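Tertiary structure, described
The residues making up each chain are set out below.
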Amino acid sequence: MSTNEDDNSKVWDLAEKIGFCMLTTQSGTDLKARPMSAYAERIDNAFYFLTDVASHKDDEVSRHPNVCLAFADSKGQKYVSISGTAEVQNDREKIRDLWATPAKAWWDSADDPSIRILKVTPSSAEYWDSPGTVLSYIKMAAAAVTSARPEMGDNAKVQL
């Protein structure tokens, strides 16, 4: 049986390893998701994203700060869903600290005045960590033959 501390570490480990997530925000009564490059910082208990001041997600977060981050490694059968509260910041030092190759696709330099930080402070998470696609299929096939439920790996809900 895992402990909350182990589960907490597992959430951070999986999110850091996967790196990209679908960020879901609320737009009016609709939910909207888009792929984002996540910078996980355990010490800050935060996920950071570089975003543009003109983007709709910044306005959506201002009105509805509750968001969901969905990380997926489908080949490895590893998934993490993180709920939290988002805020937009204009921390120029942090922007320079987070500046990396993915950002260069959107902006010329870290000094671009339109770049903002989207900080997500997680409150809870759930992860699924299975042994991998091939082994999962074998376990599901064996379970179908024996009418037993397959052991598909670890799953836990975590308060962060």
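Let me sum up the structure you'll find in this document. Keep in mind it's a predicted model, so treat the numbers as computed, not measured. (Residues numbered from 1 in each chain as written. Predicted model: local features only at pLDDT ≥ 70, side-chain atom pairs only at ≥ 80, totals over all residues. Heavy atoms only, no water.)

**Considering the packing of aromatic side chains**
Filter applied, for reference: Ring pairs are drawn from Phe, Tyr and Trp, using the six-membered ring of Trp, whenever the two centres fall within 6.5 Å, and their geometry is named by plane angle: stacked under 30 degrees, edge-to-face over 60, tilted for the rest. A run of H or I in DSSP counts as a helix once it spans at least four residues, and a run of E counts as a strand once it spans at least two, with each numbered from the N terminus. Each residue gets one of three labels from its accessible area relative to the maximum for its type: buried under 20%, exposed over 50%, partly exposed in between, using a 1.4 Å probe on protein chains only. To sit over a ring, a charge needs its Lys NZ or Arg CZ within 6 Å of the ring centre and within 35 degrees of the ring normal.
Overall, the coordinates contain two aromatic pairs when judged by the stated rule. Here Trp12 and Phe47 contribute two aromatic rings whose centre-to-centre distance is 4.6 Å and whose plane-to-plane angle is 5°, an arrangement assigned as stacked. Taken as a pair, Trp12 in helix α1 (residues 4-18) and Phe47 in strand β4 (residues 46-52) lie far apart in primary sequence, 35 residues in all. When its relative accessible area of 0% is taken as the criterion, Phe47 is described as buried. Stacked on the ring of Tyr48, the Lys or Arg Lys94 has its end atom at 4.3 Å from the ring centre.

**Describing the environment of Cys68**
Going by this rule: Only heavy atoms enter the contact rule, under which two residues are in contact if any of them lie within 4.5 Å.
Following the sequence through the fold, Cys68 ends up in strand β5 (residues 66-73). Note: C-alpha distance between Cys68 and Met22 (46 residues apart in sequence) is 8.0 Å. What Cys68 contacts, discounting residues up to four positions off in sequence, is Met22, Leu23, Thr24, Ser81 and Ile82.

**Some thoughts on helix α2 (residues 56-63)**
Here is the rule: To be clear, the arc concerns the directions from the helix axis to the C-beta atoms.
Three or more residues of α2 are buried, namely Lys57, Asp58, Glu60 and Val61. For α2, the arc enclosing every buried residue in end-on projection is 165°, short of the 170-degree limit, so these residues lie on one face. Residues of α2 that are exposed and point over 90 degrees away from its buried face: His56, Ser62 and Arg63. Where the residues of α2 are buried, they touch β1 (20-27), β2 (30-37), β4, β5, β6 (78-89) and β7 (115-129).

**Focus on the pairing of β1**
In regular strands, side chains alternate between the two faces of the sheet. Applicable threshold: DSSP-based pairing: two strands are paired if at least 2 bridges between them are found.
For β1 and β2, the ladder comprises eight bridges, and the chain directions are antiparallel. The residue bridging Leu23 from the neighbouring strand is Arg34, located in β2. With four bridges joining them, β1 and β5 adopt antiparallel strand pairing. Counted as the bridge partner of Thr24 is Cys68 from β5.

**Quick notes on the nonpolar core**
Filter applied, for reference: By convention a nonpolar core is built from buried Ala, Val, Leu, Ile, Met, Phe, Trp, Tyr and Cys residues, the set being connected through side-chain atoms within 4.5 Å.
Counting 24 residues, the largest nonpolar core has Phe47, Phe49, Leu69, Phe71 and Ile82 as the members making the most contacts within it. Sorting the residues of this core by element identifies α1, β1, β4, β5, β6, β7 and β8 (154-159) as the ones contributing at least two each. A per-element tally of this core places α1 first, with five residues. Not counting chain neighbours up to four residues away, the residues in contact with Phe71 comprise Ala15, Ile18, Gly19, Phe20, Cys21, Ala38, Phe47, Lys78, Tyr79, Val80 and Ile82. Formed by twelve residues, the second largest nonpolar core is a distinct cluster that contains Ala46, Tyr48, Leu50 and Ala103.

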